[in-house]
Amino acid sequence: MAKRNLDGFLDRLYEAALDASCWPAALAEAVDLFESRSAQIGHLSLVDQRLSFVISHGYDITPERIRSYEELMGEDPRLAPFVARPFVPMHCRMIVSDEAFHASRLYREVLAPDGIEYTLGVNLIEEEQSTSFFMMLRGPDRPRFGEVECEILRELVPHLRRVIKLHTRFAEIDLDRLVAQEALDRLPLGVAVVRANARIVSLNRIARDLAMAGDGFSIFAGMLVAERHPDTQRLQAAIATAARGDTRRSQALTLRRDKGEPLRLLVCPLSANRVGQSIALPPSDLVMVFISDPEQLVDAQSEQLQHMFGLTRSEARLLELLVAGATLKVAAGRLDLTHESARQYLKSMFVKTGSHRQSDLIRKVLSSPVWMQQ
């Protein structure tokens, strides 16, 4: 087989390392390069015999097919030699005879019904408990893979190893980013990360909602701006001061709104070190802007309060209303309690939470994870 389209495959391969959605295009290039029916890349745990991920082109891998292979994995005669020799390309008939392969349940129940006769692959990690694999498949209507295909795959192994490492690293970064964003989105505060010129780097859910509504501030030309020009000047001056590191202390300010109470902001340097530098972005300190909306009530669900602080159901329902801003008298009326009963519940909550007054009790709730958005 002639070595063709190698450059095109490598281009698609490195694109896939950066963007997982490019894997099908890369595998399509591999099918053409190896003149195979399909191509696959994936990761297999040898501990629990599970495929943590598999991407395929040219072969429809259904959940049922995956389960079938996982159930019969222990009877795959190709697997042990494949795992034992990482980074060494192998075709199936190098490691198992036709007779042994055809006698296996895996071949009879999974591969043969799907028209898979020949495989060529390489194990891309040196571990005892798992394997990351790159594999080509052919049907019985095609010749078996041979040394020519193994040699081409051997040339690709260094690239495949780099791509797997890059893909794993970028997946870890994506996971870290998603976890951080989820945590920020649960805060009952708007959080904006900006650069020295107030250009937005990221917003959490509440900050995005406020900006989209133009409620106190908005986004103009990618920058954080207030409803009123003087407020914008004060905000951007505070951001620039924090970015320069002129002070390590946070700066508090308010942004007036046409309706409702002003937004309350805290502008803080993100780090004492200069961060966010790269080829694509100029060096700049990052600044965090915390945005509190007095019109937005804290949602502390009574069931959560009950479990976290050891309260009765009635006590937790009362505390839920108090945290939301109701007075004891108003909360008692909403729960159809007498004012005296509400006072007794409040005293009981003081004992259970170690509080001495209502403000202490509210502070304990607001400093607990209960205040996180659901």
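The structure under discussion appears in the preceding block.
Residues numbered from 1 in each chain as written. Predicted model: local features only at pLDDT ≥ 70, side-chain atom pairs only at ≥ 80, totals over all residues. Heavy atoms only, no water.

Some words on the packing of helix H1 (residues 6–18) against helix H2 (residues 23–34)
For clarity, the threshold we go by: Structural elements are reduced to axes, namely lines fitted to C-alpha atoms, with helices fitted over the stretch in contact, and the angle between N-to-C directions of any two is expressed from 0 to 180 degrees. Put simply, DSSP H or I for four residues or longer makes a helix, DSSP E for two residues or longer makes a strand, and each gets a number counted from the N terminus. Angle categories: roughly parallel below 35 degrees, roughly antiparallel above 145, roughly perpendicular from 65 to 115, and oblique for all the rest. Each crossing is labelled by how the near helix is turned from the far one, with a counterclockwise turn of less than a right angle marking it left-handed and a clockwise turn marking it right-handed. The contact criterion used is simple: two residues touch if any of their non-hydrogen atoms lie within 4.5 Å. For this scheme, ten residues count as nonpolar: Ala, Val, Leu, Ile, Met, Phe, Trp, Tyr, Cys and Pro. Four count as charged, namely Asp, Glu, Lys and Arg, and the remainder, Gly too, count as polar.
Packing of H1 against H2 brings their axes to within 8 Å, and their N-to-C directions diverge by 155°. With respect to their mutual orientation, H1 and H2 come out roughly antiparallel. Seen from above, H1 lies across H2 with left-handed handedness. Seen from H1, the contacting residues are Leu6, Gly8, Phe9, Arg12, Leu13 and Ala16; seen from H2, they are Trp23, Ala25, Ala26, Glu29, Ala30 and Leu33. Looking at the contact of H1 with H2 residue by residue, the class counts come to 9 nonpolar, 1 polar and 2 charged.

A closer look at a nonpolar patch on the surface
Quick reminder of the rule: Each patch groups residues whose relative accessible area exceeds 30% and which form no salt bridge, using 9 Å between like charges and 5 Å between nonpolar side chains of Val, Leu, Ile, Met, Phe, Trp and Tyr. Surface exposure here means Shrake-Rupley accessible area, sampled with a 1.4 Å probe, where a residue is shielded only by the protein chains that are shown. Salt bridges are identified by distance alone: a Lys or Arg side-chain nitrogen within 4 Å of an Asp or Glu carboxyl oxygen. Three labels apply to residues, based on accessible area from a 1.4 Å probe with only protein chains included: buried if under 20% of the type maximum, exposed if over 50%, partly exposed otherwise in between.
A cluster of nonpolar side chains, namely Leu18, Leu166, Phe170 and Ile173, defines an oily patch on the protein surface of about 340 Å² accessible area. In terms of residue count, helix H8 (residues 147–185) provides more of the nonpolar patch than any other element does, 3 residues in total. Exposure remark for Leu166: the relative accessible area of 34% places this residue in the partly exposed category.

Comments concerning the nonpolar core
Our working rule: Within this scheme, the nonpolar core is defined by two criteria: the residues are buried Ala, Val, Leu, Ile, Met, Phe, Trp, Tyr or Cys, and they are joined through side-chain atoms within 4.5 Å.
Residues Phe34, Phe134, Met136, Leu153, Leu156 and Leu160 are the most contacted members of the largest nonpolar core, which totals 30 residues. Mapped by element, the contributors of at least two residues to this core are H1, H2, strand S1 (38–45), strand S4 (118–123), strand S5 (130–138) and H8. Here Phe134 is in contact with Phe9, Leu27, Ala30, Gln40, Ile41, Leu120, Gly121, Val122, Leu124, Leu153 and Leu160, once residues within four sequence places are set aside. Within the second largest apolar cluster, 25 residues are counted, among which are Val194, Ala198, Ile200 and Ile206.

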